[in-house]
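Residues per chain, in single letters:
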Amino acid sequence: MYSMLDIENFSTSCQSHQQGKIKELPLLGAEVLQVHSPPFVTKESASSETQGHAPAFSRVQRRRSFIKKKKERAGIANGETAKGSDGGGGTTTEDISVPKDLDLIALPQLCFPGGLQIASEQREDSYHYLVFTDVFGNRTHAVVVQYYRPIQVRLLTTPIDLFMLMFLLNGVPPLSLLTQLKPSRMGDFEERVKEFSAKLALVPIPPPGQLHVVFNLRPLQIGLPSREDKDRPAVDLDLHLPFLCFRPRQLLQIITSLLTEQRVVLLSCDWARLTLLAESLMLFIHPLVWQHPFVPILSRQMLDFLMAPTAYLMGCHLHHYEEVAAETDDLILVNIDYGTVSSSWSDGIDLPDVPLAAAECFITRVEGLQVHYDLEVCHLGASTELNERRAQRKQWQRKLNAHIQNITLELIVIIFREVHDHLNYEHRVFNSEEFLRSREPADQPFYKKVLDTHIFHSFLRDRLNRKMDAFTRMELSTRTEAYRLRSMTESPRRPTMQELARKYTSPESRLSKRLGASLPNLGDSGGSLVGPLRQTSFKNIQVDSGRFRWTAVGMKSPQRPVRFFKLPEFPPPLAYHYVQNYYQEMITLLGKAISGAASEDSYLLARYHYLRGFVNTVAGKRLDALEDFQNLYKTDTDIFPGELVNALVDSLQEGEQALADRRPEIKRLISLVKRDHERERARHDDEGVKRFQLPKKHMQLEDFVRHVQESGIVKDQGTIHRLFEALTVGQQKQVDPEIFRVFYTFWKETEAEAQEVALPSSALEHLEANECVFKLSSSVKTSHGVGKIAMTQRRLFLLTEGRPGYMEVTKFRDIEEVKISSAPFLLLRIPSLKIKTTLRKETFEVNLKSEVDLWHLMVKEMWAGRKMADDHKDPQYMQQALTNALLMDAVVGCLQSQKAIFAATKLAHFDRMKLEVPLMIPKTTSETLKHKINPSLDLTSPQAVDVLLYTPGQLGVSSDSEGDGNPKLWCALSDGKVVVFDAASWSMQQNQVHVGTSRVNCMLGVDRQQVWIGSQDSVIYIISTCSMSCNKQLTDHRSEVTGLPTVAYSCSAEGTVMVWDVSTLQVRKQFRVSCDRLQSVQLCNGTLWCCKYTDCIMEVWKNGMLHRKISLPEEQLWTACIDVGELCVWHLREPTKPFQRIQLPDCAGVTCLIKVKNQIWVGGRGWSSEKSRGKIYVVDAQRHTVEKELVAHLDCVQTLCSAEDRYVLSGAAREDGKIAIWKVE
């Protein structure tokens, strides 16, 4: 885009200036006279050319001219024509439209924000940058070039033109692209920029990742960077510039201003600095997105924009500092040139401080940055090659930018990392009051302001959508193992003994511990905490704050090297057929790059396919483009351009549609795109985020469940149903809103009281680090003196008064008897509680008076829960019992009536189970069972465990490398949810990796790098074991995938068996088995055994030919039926009938079986007390006898897997929904 400026009647002023009568020349008016766009001719105009080709710039140009309007206003003297008009030089023009939403009237003000002024001497060319934002938040970046040329002052009879050029580009911010032309001091600079803009329009924007595009614009080689990932913008800035202008604390103040949505004004004498600093600040708060007016440059005519009542980030010249500060209140004034931050209403700045842990970590990291390039390369020799020196500088800047982005991301993670603890994903509720209450008092002013902002609301929406972005990845990677283990059990929030110990230590110790949450090991080195960035090894940072661990995972630079794809030389004439030849040459080069890339390097192949698909799109080869984008399913679905592919599908002509129908892979892609598009249209992404509010109307059961879950008190629906019964005892089955308010208030007050429990050091020494005090009685008399009874999740203990002391009453597992009694006091009998334990002969008695009934119920429930947890090796029973006990306390506290204790008995779930149906665990089961885990802990109700997969660890892989090297347990739940556990500690490592929305049928570990997952939606999803993300899909099956028996084989329900090349993910061979439904396949001795759903097994050669069919059910084949409680053992050489049938006692059917050592483990369902129970049978493979009968689950066993032949893991159906870990002998 070019602007021509008419200069009229200023010769007098110029003469006065030369004579010294005036100091400065007057400001001139500017207006846009012409708009140019890249001059590509259309196909029609190209065909109409009769000879040669149209030169790119001198013959045929696409432009919109505004010169006529100027002529009509000023008139033309003596018949002369203005330069550049249609009448000169035989130039033909093609009228084009002005870019949408671009205000041509205001544009000159932004191009000359300080006003247009004629200079009396030659000045350097200058550049500054503009950002245009539409109502949807999409930004268009521009570079403005101002250059000077001499003009003669005389009596004017014709306008004199002064040129300014502005270059616009959508998509990638070109803030450094045009400035690369600056070394070229050519006289035809205007034509040079036209050429640059035209050629840049031919450059494809690279996809997210480490592949950059390089092209030649002689004498320079110019690189176009890509985005680091799909959620981050492309970075073509020097991100260290703000650190050269401001100290770390000032930068924190600016970031705070943005996070709290203040009205921020940047000021500088250099227009270019304004946009560069503003864009850098936007990257510093990523992944939070600024959603208010963003105008880095305001001309002096636009200063009234600063009166806007909303939050904004704007910039203006430093000359206006006093004017802006005096006229407008409540502004944060950021002086870039002097490195200061101030406010317009006072000398100081009234902003809340960033949370201390985050601030100290940020300051320390920034102090270690090496931001001076000359110091970094002073020991290196200077290259005489211009492109080599520029590449060296770019590489240094790229590494520094990556470190700075990690530092700022770490700051955001530390500030907001505990937000997810207060989210309810099912009802999309954020409990802001609870979150604020959990913050340090000094940090609460900051959070109170941030929580009410639009920027935070958008951040919450992404968290509730479980967005896997850079924030989530760093937050997950920095969690400690202790926190993961603690999150495995759902229990009310209370401070642990470790947290209480930290709380009641000295202020100095408390400060150092807080800093230790984010700093390197403070005591390990007597030197600097963090050296210069080039000397710092972030891999050595292992800081444990009890909850989060900051390691190299969060701070390391990208591991993948940056690759470059060099574009072919641009065509000299930009005529249609030359441009098409250029596209074809680019497609050919990309084809060669794809052929030359390693087949296992799917990351690089995906980027090449993306680029080729993009070029095919602009070249009009729609089907070829769709085929390239189809390949992204097998290489990297993260960069799949859904909107572009959907537009391509909609634009297919009838002939192209017919050809697409004859190409199965494209036809499949079209159906997937249309299906996903319909889902997107049907889904409401703007569900928003609700803040928790107390109910105002009476609640039936359904509404009551929702409100309790939103409050964060408890998620489990069964527990909430029992609470509903307790609060509605003796009345209509609906809960009064006032009762709910009192109940909620009592619960929160009890929680707050636990925060203030002051335990003596003697008590802290006896309690475990993760124990919490959940209930504290009033001062009472006991058989061991006067004091208060305290209850944790493990024990009861007495805090003696007078001289503070600790005496353990009992652990819950050691209780023999609990009963209510009475103790004599003068002429009265005081109600008391007697507790008999296995470790003491004497009975402990405590005079609890009016509290005795409540404590009696609570202790019995905790005792029953402890026994259930020990018998079933399931710690969640203890946590559920604890929740029940605390709910009893809250119910009694809110009802305050005679029926309160009776109501509380409705919550005595485990005590009632112990009395009504004593669950005796068989000795064999108890000895074999090691542990139980609950994969549905974060859900409101248990989910069926459909498939289990164990993947072994990798020796020699450290925790700070990509992937921690520990073995993993993969658990597939309903609706395509996959939960990952660390099999070394059985802690949850990844919560809900989504693989479609259908049921998972099978899983297989491949090459220790991938997990293949077969789904009912006919897709095989591939999860990377390093990134824990699903970014590849195999879509060749046409029916639900039912089996993945071994590496490279898969089968689907309609009978198709496919053999895969694991490195290229291509189908090497496929065949069809004739059957109604192919249930599973198994490879054995070179043949493939295919199991039908009904009544037979087929033996198939590897080439797909049917060898034999066996009616019904190494050298043996073991089979079972889902509705018969027996096993059939077959000889492979004599498959006419089974030679052995093994009856399974009390078995109604078999669902799964695996071989472990010399044993066959069989999972199924049995009948016990007229209720289906999950059972496991261990059968000796040689003697064909049942060695063990294990009572495994409360519902049918659905899946079994082996962990290196040391353990067997079983997963149960929905009524139980747990995973049991069994010892193999």
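Preceding this section is the structure that the text describes.
Now for a look at the structure at hand. (Residues numbered from 1 in each chain as written. Predicted model: local features only at pLDDT ≥ 70, side-chain atom pairs only at ≥ 80, totals over all residues. Heavy atoms only, no water.)

## What about the packing of helix H7 (residues 248-259) against helix H10 (residues 356-367)?
Direction vectors running N to C along H7 and H10 enclose 130 degrees, while the axes themselves pass 10 Å from each other. When the interaxial angle is binned, H7 and H10 end up oblique. Considering only the axes of H7 and H10, their crossing is right-handed. Taking contact as the criterion, the partners of Pro248, Arg249, Leu251 and Leu252 in H7 are, on H10, Ala359, Glu360, Phe362, Ile363 and Val366. Classifying every residue of the contact of H7 with H10 gives 7 nonpolar, no polar and 2 charged. (Axes fitted to C-alpha atoms, helices over the stretch in contact; angles between N-to-C directions. Helix = DSSP H or I, 4+ residues; strand = E, 2+ residues; numbered from the N terminus. Parallel < 35°, antiparallel > 145°, perpendicular 65-115°, else oblique. Left-handed = near helix turned anticlockwise from the far one by under 90°. Contact = heavy atoms within 4.5 Å. Nonpolar A, V, L, I, M, F, W, Y, C, P; charged D, E, K, R; others polar.)

## Brief notes about the pattern of salt bridges
In the structure shown here, the tally under the stated rule is 44 salt bridges. The salt bridge involving Arg437 is made with Glu434; its shortest N-O contact spans 2.9 Å. Placement of both Arg437 and Glu434 in helix H13 (residues 432-437) is noted, with a separation of 3 residues, approximately one turn of the helix. Members of the salt-bridge network, linked through shared partners, are Glu434, Arg437, Lys748 and Glu751. (Salt bridge = Lys/Arg side-chain N within 4 Å of Asp/Glu carboxyl O.)

## Side note on the sheet that holds strand S39 (residues 1030-1034)
In space, the 4 strands of this open sheet follow the order S36-S37-S38-S39, with antiparallel pairing throughout. Of all strands in the sheet, those with a lone pairing partner are strand S36 (1000-1006) and S39, marking the two edges. If you compare each strand with its neighbour and ignore which way they point, the axes differ by 25 degrees on average. Relative to strand S38 (residues 1020-1024), strand S37 (residues 1010-1015) is paired through 5 bridges, and the arrangement is antiparallel. (Pairing = 2+ DSSP bridges.)

## Re the pairing of strand S42 (residues 1056-1061)
A large share of S42 lies buried, amounting to 5 of its 6 residues. Relative to S42, strand S41 (residues 1049-1052) is paired through 3 bridges, and the arrangement is antiparallel. Following the sheet pairing, Cys1051 is matched in S42 by Val1057. Hairpin connection from S41 to S42: 3 residues lie between these consecutive antiparallel strands, with Gly1055 at a positive phi of about 110 degrees. Here S42 pairs with strand S43 (residues 1066-1072) via 6 bridges, running antiparallel. If you follow Val1059 over to S43, its bridge partner there is Lys1069. Hairpin connection between S42 and S43: a loop of 4 residues separates the two successive antiparallel strands, and Leu1065 in this loop has a positive phi of roughly 60 degrees. (Buried < 20%, exposed > 50% of the residue type's maximum accessible area, 1.4 Å probe, protein only.)

## Notes on the packing of helix H31 (residues 852-872) against helix H32 (residues 876-895)
Two elements in contact, H31 and H32, have axes separated by 7 Å at closest approach and are oriented at 170 degrees. The orientation of H31 relative to H32 falls into the category roughly antiparallel. Classified by chirality, the crossing of H32 by H31 is right-handed. Along its contact with H31, which presents Leu854, Leu857, Met858, Glu861, Met862, Gly865, Arg866, Met868, Ala869 and His872, the element H32 presents Tyr877, Met878, Ala881, Leu882, Asn884, Ala885, Met888, Asp889 and Val892.

## Some details on the environment of Leu1200
With respect to the helices and strands, the residue Leu1200 is situated in strand S55 (residues 1197-1203). Excluding its chain neighbours within four sequence positions, the residues that come into contact with Leu1200 are Cys1152, Leu1153, Ile1154, Trp1161, Val1162, Gly1163, Ile1176, Val1208, Leu1209 and Ser1210.

## Points about helix H28 (residues 717-727)
Taken as a whole, H28 has its buried residues at Thr719, Ile720, Arg722, Leu723, Phe724, Ala726 and Leu727. At the N-terminal end of H28, a side-chain oxygen is found 3.3 Å from the backbone nitrogen of Gly718, two or three residues along, and the residue is Asp716. (Polar contact = N/O pair within 3.5 Å; in protein donor to acceptor, adjacent residues only side chain to side chain.)

## Focus on helix H23 (residues 622-635)
Along its 14 residues, H23 runs 20 Å from first to last C-alpha, staying within 8% of the 20 Å computed at 1.5 Å per residue. Of all the 14 residues making up H23, 10 are buried; the element is thus mostly covered by neighbouring parts of the structure. (Expected span 1.5 Å × (residues − 1).)

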